[in-house]
Amino acid sequence: MTERTTDLDAGLAEAGAVLAREAARFASFGWMRGTSGNLSVVTSRDPLRLAVTASGLDKGELTATDVVLVDAAGHAVSGGRPSAEAALHARVVRLTGAGAVVHVHTIASVAVAERCPEGIVFRDLEMLKGIGRPTHADEVVLPVIGNSQDMTVLGDRLEAARDPNTPAVVVAGHGLYVWGADPRQARHHTEVVEWMLQLQLARG
């Protein structure tokens, strides 16, 4: 085994440990039930490489080895079988420059998107500062896009709909995609957006 290969393996294991911790947190909230949802973190920019949670596993029970290294197209480079949505994670990273992407299946995101298919409006909320807005008085429209099993189609919809100042979109009937500079910021963005969605749901 070369030194380069050893470094890659160590980096992937480190990324896997981070993703396992994040997945356990989201699963404890009920946002990654069963085997649903997926997470990723950028491990290299040139060439672009992402560590993505492996497919078909309980996200509350992941270990550091339950991760797959994928390229800029979402194809596996090392490890087992990545999430079917790895290509969309890679697309989000290329579009936004994000360092980590979160995809969770929350009730609030699906329910509120059904009521607001043209976009979900948030305003007069202090929590808006948690996604980088300077003041509670800002008005934010969280995009809602139609679902597709084709990640190229879904990526095109996300690219067309996204607001560069809002690090999230809802996929109708599916769930929430959120991103940030690193796993911690992506987590914080996810929790803030989900809080606002739950508020919308509670307001009816």
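Above: the structure in question.
Counting restarts for each chain, with residues numbered from 1 along the sequence as it is written. In view of the model being predicted, local features appear only for residues whose pLDDT reaches at least 70, and side-chain atom pairs are presented and counted only at 80 or more, with totals across whole chains, interfaces and linings using the full set of residues. The basis for every side-chain value is the complete set of heavy atoms in the structure, and neither hydrogens nor water enter the calculation.

### With respect to the packing of helix 3 (residues 107-115) against helix 5 (residues 183-203)
Helix 5 packs onto helix 3 with a crossing angle of 55° between their chain directions and a minimal axis gap of 9 Å. Considering the angle they form, helix 3 stands oblique to helix 5. Where helix 3 crosses over helix 5, the two elements pack in a sense that is left-handed. Facing helix 3, whose interface residues are Ala 108, Ser 109, Ala 111, Val 112 and Arg 115, helix 5 presents Glu 194, Leu 197, Gln 198, Gln 200 and Leu 201. Throughout, the ten residues Ala, Val, Leu, Ile, Met, Phe, Trp, Tyr, Cys and Pro are labelled nonpolar, Asp, Glu, Lys and Arg are labelled charged, and all others, Gly among them, are labelled polar. Looking at the contact of helix 3 with helix 5 residue by residue, the classes come out as five nonpolar, three polar and two charged. Lines are fitted to the C-alpha atoms to define the axes, a helix being fitted only along its stretch in contact, and any angle between axes, read from their N-to-C directions, falls within 0 to 180 degrees. Numbering of helices and strands runs from the N terminus; a helix is a DSSP stretch of H or I covering at least four residues, while a strand is a stretch of E covering at least two. We call two directions roughly parallel when the angle between them is under 35 degrees, roughly antiparallel when it is over 145, roughly perpendicular when it lies between 65 and 115, and oblique otherwise. By convention, the crossing between two helices is left-handed when the near helix turns anticlockwise from the far helix through less than a right angle, and right-handed when the turn is clockwise. Note on contacts: a residue pair is in contact if any heavy atoms of the two residues lie within 4.5 Å.

### Some details on empty space enclosed by the protein
Note on definitions: the grid is 1 Å and covers protein atoms alone; a cavity is a set of points where a 1.4 Å probe fits but cannot get out; a pocket is an open set with protein on both sides within 12 Å along at least five of seven lines; lining residues have an atom within 4 Å of a point. Grid points are joined across faces, edges and corners, and a volume is the space filled by probe spheres set on the points. According to the stated counting rule, one finds one cavity of 30 Å³ or more in the structure shown. Considering only enclosed or pocket space, the largest cavity measures out at about 40 Å³ in volume. Of all elements in the fold, only helix 1 (3-28), strand 1 (38-45) and strand 5 (100-104) reach the threshold of two or more residues within the lining of the largest cavity. Considered class by class, the residues forming the lining of the largest cavity number seven nonpolar, one polar and one charged.

### Comments concerning the nonpolar core
As used in this record, nonpolar core signifies buried Ala, Val, Leu, Ile, Met, Phe, Trp, Tyr and Cys residues forming a set joined through side-chain atoms within 4.5 Å. Per-residue accessibility, obtained with a 1.4 Å probe over protein chains only, is compared with the maximum for each type, and a residue is labelled buried under 20%, exposed over 50%, and partly exposed between these values. Formed by 37 residues in total, the largest nonpolar core has its most connected members in Ile 120, Phe 122, Leu 142, Leu 176 and Leu 197. The leading source of residues in this core is helix 1, at six residues. Not counting the four nearest positions on each side in its chain, Leu 142 is found in contact with Gly 119, Ile 120, Phe 122, Thr 166, Ala 168, Val 169, Val 170, Val 193 and Leu 197. Counting residues in each nonpolar core, the second largest holds 22 residues, with Val 68, Val 70, Ala 86 and Met 151 among its members.

### Observations regarding unusual backbone geometry
Residues Asp 46 and Pro 47 are joined by a peptide bond in cis, for which omega reads 5°. In this structure, Pro 47 sits in the loop between strand 1 and strand 2 (48-53). Even without being a glycine, Asp 124 presents a positive backbone phi close to 55°. Within the secondary structure, Asp 124 sits in the loop between strand 6 (120-123) and strand 7 (139-142). A relative accessible area of 54% means that Asp 124 is categorised as exposed.

### So, the packing of helix 2 (residues 86-96) against helix 4 (residues 151-161)
Contact geometry for helix 2 and helix 4: axes closest at 9 Å, N-to-C directions at 30°. Classed by the angle they form, the pair helix 2 and helix 4 counts as roughly parallel. For the element pair helix 2 and helix 4, the recorded crossing hand is right-handed. Seen from helix 2, the contacting residues are Ala 87, Leu 88, Arg 91, Val 92 and Leu 95; seen from helix 4, they are Met 151, Thr 152, Leu 154, Gly 155, Asp 156, Leu 158 and Glu 159. For the contact of helix 2 with helix 4, a count of residues per class yields seven nonpolar, two polar and three charged.

In short, shape yes, function no, at least from these values alone.
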